[in-house]
Every structure is written in structure tokens, then in C-alpha cells.
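The chain contents come next:
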Amino acid sequence: MILKQSENNLSRMGLGLAALGRPGYINLGHSEDLSHDYEESKMEQQTHHMLDLAYEKGVRYLDAAQSYGKAEIFLSSWLQSRRHTDVVVGSKWGYYYTAGWKIDAENHEIKEHTIERLNQQWPESKERLDPYLKLYQIHSATFESGVLENTDVLNRLRQIKETGYSIGLSVSGTKQADVIKAAMDVEVDGTRLFDAVQVTYNILEQSCEKVLNQAHGLGIQVIVKEGVANGRLTSRNHSAPYYSKLYELAEKHQVGIDSIALAYILSKPFISMVLSGAAVAKHLVSNLQAAHLKLNEYELDILVSLKMLPDSYWTERGALEWN
Ligand SMILES: NC(=O)c1ccc[n+]([C@@H]2O[C@H](COP(=O)([O-])OP(=O)(O)OC[C@H]3O[C@@H](n4cnc5c(N)ncnc54)[C@H](OP(=O)(O)O)[C@@H]3O)[C@@H](O)[C@H]2O)c1
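It should be emphasised that the depicted structure is a prediction, and the values quoted were computed from it without experimental measurement.

**Let's talk about empty space enclosed by the protein**
One pass over the structure, following the stated rule, counts 1 cavity of 30 Å³ or more. Considered as a void within the structure, the largest cavity measures approximately 40 Å³ in volume. Around the largest cavity, the lining residues are Leu-169, Ile-180, Ala-183, Met-184, Phe-194, Ala-196, Val-197 and Ile-220. Contributing elements (two or more residues each) for the lining of the largest cavity: helix 6 (176-184) and strand 10 (196-200). No other element matches helix 6, which puts 3 residues into the lining of the largest cavity.

**Regarding helix 4 (residues 115-129)**
Compared with an ideal rise of 1.5 Å per residue, which puts 15 residues at 21 Å, helix 4 spans 21 Å between its outermost C-alpha atoms and is within 8% of the ideal. Restricting attention to buried positions, one finds in helix 4 the residues Ile-115, Arg-117, Leu-118, Gln-121, Trp-122, Ser-125 and Leu-129. Buried residues along helix 4 sit in contact with helix 3 (71-82), strand 3 (88-93), strand 4 (95-97), strand 6 (133-138) and helix 5 (151-162).

**Section: the pattern of salt bridges**
Per the counting criterion, the structure on display carries 15 salt bridges. The residue Asp-52 makes a salt bridge to Arg-82 at a minimum N-O spacing of 2.8 Å. Here the residue Asp-52 occupies a position in helix 2 (residues 40-56), and Arg-82 occupies one in helix 3, the gap between them amounting to 30 residues. Owing to a relative accessible area of 31%, Arg-82 belongs among the partly exposed residues under this scheme. Between Glu-316 and Arg-232 there is a salt bridge whose closest N-O contact spans 2.7 Å. In this pair, Glu-316 is assigned in helix 12 (residues 310-318) and Arg-232 in the loop between strand 11 (221-225) and helix 8 (243-253), connecting sequence segments 84 residues apart.

**Looking at the packing of aromatic side chains**
Counted according to the given criterion, the structure contains 7 aromatic pairs. With a centroid separation of 4.8 Å and 85 degrees between ring planes, the pair formed by Trp-122 and Tyr-165 is classed as edge-to-face. Within this pair, whereas Trp-122 is found in helix 4, its partner Tyr-165 is found in the loop between helix 5 and strand 7 (166-170), the two being separated by 43 residues in sequence. Each member of the pair, Trp-122 as well as Tyr-165, is classed as buried. Ring pairing ties together the aromatic residues Trp-122, Tyr-136 and Tyr-165, which thus form one cluster. Its guanidinium or amino end placed over the ring of Tyr-55, Arg-60 lies 3.6 Å from that ring's centre, counting from NZ or CZ.

**Side note on the side chain of Arg-158**
For Arg-158, the location among the structural elements is in helix 5. The residues touching Arg-158, leaving out its near neighbours within four places in the chain, are Val-188, Asp-189, Thr-191 and Leu-193.

**Some details on the nonpolar core**
Nonpolar side chains tend to gather and get buried jointly when the protein is soluble and globular. Leu-75, Leu-169 and Leu-212 are the most contacted members of the largest nonpolar core, which totals 100 residues. Top contributing element to this core by residue count: helix 9 (residues 257-266), with 8 residues. Ignoring anything within four residues of it in the chain, the contact list for Leu-75 reads Leu-17, Leu-51, Leu-62, Ala-64, Val-89 and Leu-129.

**Some thoughts on the environment of Pro-131**
Following the sequence through the fold, Pro-131 ends up in the loop between helix 4 and strand 6. Residues Pro-131 and Thr-85, spaced 46 residues apart in sequence, show a C-alpha to C-alpha distance of 9.3 Å.

**So, the sheet that holds strand 2 (residues 61-63)**
The 8 strands lie next to each other as 1-2-3-6-7-10-11-12, forming a closed barrel whose pairing is parallel. In this sheet, neighbouring strand axes are inclined to one another by 30 degrees on average, regardless of whether the strands run parallel or antiparallel.

**Looking at the pairing of strand 11**
With 5 of its 5 residues buried, strand 11 lies for the most part within the structure. Every second residue of strand 11 is oriented toward a common face, with Gln-221, Ile-223 and Lys-225 on one face and Val-222 and Val-224 on the other, all of them buried. Across 5 bridges, strand 10 lies against strand 11 in parallel orientation. What sits directly across from Thr-200, in strand 11, is Lys-225. In this view, the connection linking strand 10 to its parallel neighbour strand 11 by way of helix 7 (residues 209-217) has right-handed handedness. Note: strand 11 against strand 12 (residues 273-276), 2 bridges, orientation parallel. Bridge pairing links Val-224 to Val-274 in strand 12.

What counts as what
- Residues numbered from 1 in each chain as written.
- Predicted model: local features only at pLDDT ≥ 70, side-chain atom pairs only at ≥ 80, totals over all residues.
- Heavy atoms only, no water.
- 1 Å grid on protein atoms, 1.4 Å probe; cavity = no way out; pocket = protein on both sides within 12 Å on 5 of 7 lines; lining within 4 Å.
- Points joined across faces, edges and corners; volume = space filled by probe spheres on them.
- Helix = DSSP H or I, 4+ residues; strand = E, 2+ residues; numbered from the N terminus.
- Expected span 1.5 Å × (residues − 1).
- Buried < 20%, exposed > 50% of the residue type's maximum accessible area, 1.4 Å probe, protein only.
- Contact = heavy atoms within 4.5 Å.
- Salt bridge = Lys/Arg side-chain N within 4 Å of Asp/Glu carboxyl O.
- Phe/Tyr/Trp six-rings, centres within 6.5 Å; stacked < 30°, edge-to-face > 60°.
- Lys NZ or Arg CZ within 6 Å of the ring centre and 35° of its normal.
- Core = buried A, V, L, I, M, F, W, Y, C linked by side-chain atoms within 4.5 Å.
- Pairing = 2+ DSSP bridges.
- Axes fitted to C-alpha atoms, helices over the stretch in contact; angles between N-to-C directions.
- Right-handed = clockwise from strand over helix to strand, strands pointing away.

Structural measurements only, silent on function.
Quick look at the structure:
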């Protein structure tokens, strides 16, 4: 069991570093959050500030990736300086960062699910994040990348697992559910390989609910990313057709719309961990309020009704600018 569960929902909330480790990202208003100041030591300071706040608030799970610019390096310097003994880290391989610390880069990250890329990135992640690194994930596994049939890669991941790490995958796009279904059947030497799946699941994108229940039933831990739809389920998105219903509930509970969105996800027993993608303190504090929020059946029914068709969800996401 990678992610130790307890009664309080805070143990099911983590911090993701996608928006903290590099100047450019797709989240709404990202560049303002960084006040357009991309000086490396400033960004490292901001990352450490967010990690200290998350730890102080009770967060013990942290999510990074090789492609998040210097996220692993900023996280490593924080881990080395704070020396907390109860922090668990998950990271990802398979994408590499190509933006050169710029926002307007042609390509921000390139996917390469090859044995060569795994053998280059694994030792780097291990060196930076041990002994806190417990989960290593394929970044955005798809059928097109062929990684779920790449025996060299699967055998290497099995070897890494045998040295005491858990192995997972993250998924993206309209075919998330199909990829998860295929991944649940991936075995090496007769044993299931994957211990965890990281998936986009939120009020607008609920298409994976059935397969996530099955994965959970098999003991595969479910980690949620994009819980506030890259900012679309926050006060920033007041022109959205679903905004008024969310605003009503937020006003009733005296919390932010983001807290309602994340509380909806925490109401699902098949979910082990929900990642906050906040890059500024006030958003992290607001996100974590979800852990103390209980929505009743009537409210959950209202939120179920807001789901979009996956095609519309991912088309809208695809249009979000790197900023
Ligand atoms: N393929 C993959 O494996 C993959 C893909 C995406 C994400 N992830 C992981 O999941 C984590 C979270 O996902 P995410 O960051 O992509 O998406 P997210 O959590 O859905 O969105 C985060 C965005 O919402 C904004 N936000 C949050 N609370 C807010 C509030 N109260 N008011 C206004 N804005 C608010 C944040 O703004 P601020 O920046 O201003 O705080 C940030 O821009 C990532 O950090 C990463 O670790 C993995």
C-alpha cells in the first residue's frame, strides 16, 4: 500500500508540482500566479514555500515528473533541507522537458516511452528523490505510445518494482478508461505490474468512474489529477454554464468553488488520493478545505448532472493556452 489511508480526508490530499517546477503551464492564470517572475531561485523558493505550507496543513503525498522543468530538483532540495520522515513522493517518466525555461516554446515536453528514456530518467529521479520516492509512473500512457506492449519497458519496470518501488501509470484524453482497462491486465511473470493509476476525474469528466471502481476493487490505488479541471472549476471561470450551480453550493457552505469540486471527488470511496495543483498559497488553503467538507446526497446529485461528454471536456482542455 503506497498511500496510507486514514479516516481524515487530508490523508487523501496531495500536492502536484506541474505548475511550480517550470515557467509555462496550461492552467488558467498561471503566469499571473508566478507574477511573470521566472527567476529560477525565486521559483524554487515559491515551491519550497508551497511544500512547507502543504506539510504544515497535513499533506504527506507529493507528485512530480521529469517533464515538470525543475520540479524534481526543487523537491529534492526541499526534502534534503527539511528531512521529514513521513513524506511519500510519486514521480513520472516518459516525457522530457524541452521548453528551455521559456513560456512561448514550440514544444514544452516530448513523449518518449522507450527503454532508453526509462533507463536515462529512472536513475536521475531515484538519485534526486530517494528515500521518499515510493511510486514511479509512466507519464500519460496511451495505446499510441505502445508502452503497454513494450516488453523491454515492462520487464525493466518489474525489475524496479522488485527493488522496493511501486509502479504506476498516468492516463489522459478521451481513451483514459480503455487504457486503464488494458493496464489492469498487464502482467510480468504472471503478476500484475501496476499498483496505481493517475487519472483525470472531476465534476466535468466522470467517464472513468466504472473502471476506477474495478481498479480499486483489484487493489490498484487511484490518484486524481486535474481535480479542478485546470482552473475551470474555480472562481476564475464565471462565464461557464455550470458556474451558477457551483457558486450556489459554495455560498451555502461558505467555501470556494474549488473546495466543492474537490469534496465531490473525495466523496468517492474508490479514490485514494486527490492532487491539488495550486501554485499559490491561498489556492492551496482553499483546495484543502475540501477535506473538511461533507456534501449531502442531494448536493452530490446536482454535481453528477454537471458532467460533460469526454470529447467536449478534452477538446476544451486542448484549447487551454500555455501561459
Ligand atoms: N498526465 C499527468 O500525469 C498529469 C497531467 C496533469 C496534472 N498532473 C498532476 O496533477 C496535479 C494537479 O493537476 P493540475 O494542476 O493540472 O490541474 P488542477 O488541479 O485541476 O488545476 C490547478 C489550477 O487551478 C487553479 N486553482 C486552484 N484553486 C484555485 C482557486 N481557489 N481559485 C482560483 N484558481 C485556483 C490553480 O491556480 P494557481 O496556479 O493560481 O494556484 C491552478 O492553475 C499536477 O500538479 C500534476 O502533479 C498529472
